[in-house]
Amino acid sequence: MNLLNKNVILTGASDGMGQALARKLADQGACLWLVGRNRSALQALRASLREPGRHTVFCVTEYSDDEIINLAACFHAGLRLDVLINNADTSRFALLAQQSFQDIRLQLRVNSEIPLLLTRALIHHFAAGGVILNVGSVLGELGHPGYSVYGATKASMLGFSDALRRELAPSGLSVIYVAPRRIRTALHAGAAHAMQQAPGQCCDEPEAVADHVMTALLRNQPRSRMGRLERIFIRLNTLFPRLVDYVLQKKMPAIDRLLYSQAKEGFQER
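Residues numbered from 1 in each chain as written. Predicted model: local features only at pLDDT ≥ 70, side-chain atom pairs only at ≥ 80, totals over all residues. Heavy atoms only, no water.

**A closer look at the overall build of the protein**
Reasoning step 1: Of regular secondary structure, the protein possesses 11 helices and 11 strands.
Reasoning step 2: Taking 270 residues into account, the globule formula puts the C-alpha radius of gyration at 18 Å, and the protein, at 18 Å, falls close to it.
Reasoning step 3: Considering only C-alpha atoms, the protein reaches an extent of 60 × 40 × 30 Å along its principal axes.
Reasoning step 4: With 270 residues in all, the protein has 51% of them scored as buried.
Reasoning step 5: Taking the contacts inside the protein whose residues are at least 6 apart along the sequence as the reference set, 72% of them involve residues at least 24 apart.
Reasoning step 6: Only carbon and sulfur atoms are counted for the fraction: they give 54% of the accessible area of the protein, which is about 12,200 Å².
Reasoning step 7: Of note, the protein has its 31 positive side-chain charges centred 5 Å away from the centre of its 23 negative side-chain charges. (Helix = DSSP H or I, 4+ residues; strand = E, 2+ residues; numbered from the N terminus. Rg over C-alpha atoms; globule rule 2.2 N^0.38 Å. Buried < 20%, exposed > 50% of the residue type's maximum accessible area, 1.4 Å probe, protein only. Contact = heavy atoms within 4.5 Å. Areas by Shrake-Rupley, 256 points an atom, 1.4 Å probe, with all protein chains shown as cover. Lys, Arg positive; Asp, Glu negative; His and termini not counted. Charge placed at Lys NZ, Arg CZ, Asp CG, Glu CD.)

Take a look at the structure:
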């Protein structure tokens, strides 16, 4: 896909990975709609991009229905949308029993409900050959302890992406699902950060994840996962789930030590 002069909505643009992706999109000549909650961070990002006058900051407070509808209203017959990147995300590394109803609802809201509503609001505003790219996670297919809620939200995005791709095939729109591993950003702090540093754990820099997302977008790859070992484990989890149960259950003592040794973590969002 040639991104020159293409209109691209990027949610979660104020986060480390979102910022890295915005810069790569801008370098390809795209016109960006930078969507997020942190206005100052979005404005600073816009100012740092190539040809900042081509890009728009769209700050939201809670992705309310009105805010989503107002964003969709920016696109009309004379200004069509070419790419929607659903990148906004929140997570909590915790056992299910440690999470409140509010914790669970927030992850469901940000990771599942908002992308679905935003896609629905924009579905009739795409130019021919438009692309919807959903950023998921390999944790949506691995069933990793400590990420039961987060993994469930990302599994829902995989199912949504596959079904929507098939629904929209006759229209010429494409749907891409990209599944990174853990990303080294402020989103993962406290116990999640400690887990990243544990032996055998893999964590990618925002720049590397942004490169992977760009490759999937430019090549129009329907599904893309980061990490060779993670891809193997996902395959094993499909064919031999009891084997993966055994491997991951052995990590539970270490996970318990991390989670119960510190106070409850707060959420960080992108």
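After that view, the rundown keeps rolling.
**Overview of helix 8 (residues 206–219)**
Reasoning step 1: Taking 1.5 Å per residue, 14 residues should reach 20 Å; helix 8 reaches 20 Å between its end C-alpha atoms and fits that length.
Reasoning step 2: Those residues of helix 8 that sit buried are Pro206, Val209, Ala210, Val213, Met214, Ala216 and Leu217. Buried positions in helix 8, seen along its axis, are confined to an arc of 165° and lie on one side of it. (Expected span 1.5 Å × (residues − 1). Arc of directions from axis to C-beta.)

**Regarding the confidence of the model for the protein**
Reasoning step 1: Per-residue pLDDT for the protein averages 91, and the proportion of residues at 70 or more is 90%.
Reasoning step 2: Overall, residues 263–267 carries pLDDT values under 50, and its contacts beyond four positions in sequence, including any with other chains, amount to 15 contacts. (pLDDT = per-residue confidence, 0-100.)

**So, the nonpolar core**
Reasoning step 1: Within the largest apolar cluster, 32 residues are counted, with the highest numbers of intra-cluster contacts made by Ile9, Leu84, Leu122 and Ile132.
Reasoning step 2: Those elements giving two or more residues to this core turn out to be strand 2 (31–36), helix 3 (65–72), strand 4 (81–86), helix 4 (101–122), strand 6 (126–135), helix 6 (148–168) and strand 7 (174–179).
Reasoning step 3: If you tally residues by element for this core, the top one is helix 6, at 5 residues.
Reasoning step 4: Not counting chain neighbours up to four residues away, the residues in contact with Ile132 comprise Leu84, Asn86, Thr119, Ile123, Phe126, Leu164, Leu168, Ser174, Val175 and Ile176.
Reasoning step 5: Judged by nonpolar contacts, the second largest core, of 31 residues, contains Leu10, Ala13, Ala20 and Ala22. (Core = buried A, V, L, I, M, F, W, Y, C linked by side-chain atoms within 4.5 Å.)

**Let's talk about the state of the cysteines**
Reasoning step 1: All chains considered together, the criterion is met by 0 disulfides.
Reasoning step 2: Its sulfur unpaired, Cys59 is 13 Å from the next cysteine sulfur, which belongs to Cys74. (Disulfide = S-S within 2.5 Å.)

**Let's talk about helix 3**
Owing to its 3.6 residues per turn, the α-helix brings residues three or four apart onto one side.
Reasoning step 1: Every buried residue of helix 3 is listed here: Glu67, Ile68, Leu71 and Ala72. Mapping the buried residues of helix 3 onto a view down its axis gives an arc of 140°, with all of them on the same face. Along helix 3, the residues that are exposed and aim more than 90 degrees away from the buried face are Asp65, Asp66 and Ile69.
Reasoning step 2: On its buried side, helix 3 packs onto strand 1 (7–11), strand 2, strand 3 (56–59) and helix 4.

**Considering the packing of helix 4 against helix 6**
Reasoning step 1: Between helix 4 and helix 6, the shortest axis-to-axis distance is 8 Å and the interhelical angle comes to 15°. Accordingly, the angle class assigned to the pair helix 4 and helix 6 is roughly parallel. When you trace helix 4 past helix 6, the crossing you get is right-handed. Every residue of helix 6 that contacts helix 4 at Ile104, Gln107, Leu108, Asn111, Ser112, Pro115, Leu116 and Thr119 is listed here: Val149, Tyr150, Thr153, Lys154, Ser156, Met157, Phe160 and Leu164. (Axes fitted to C-alpha atoms, helices over the stretch in contact; angles between N-to-C directions. Parallel < 35°, antiparallel > 145°, perpendicular 65-115°, else oblique. Left-handed = near helix turned anticlockwise from the far one by under 90°.)

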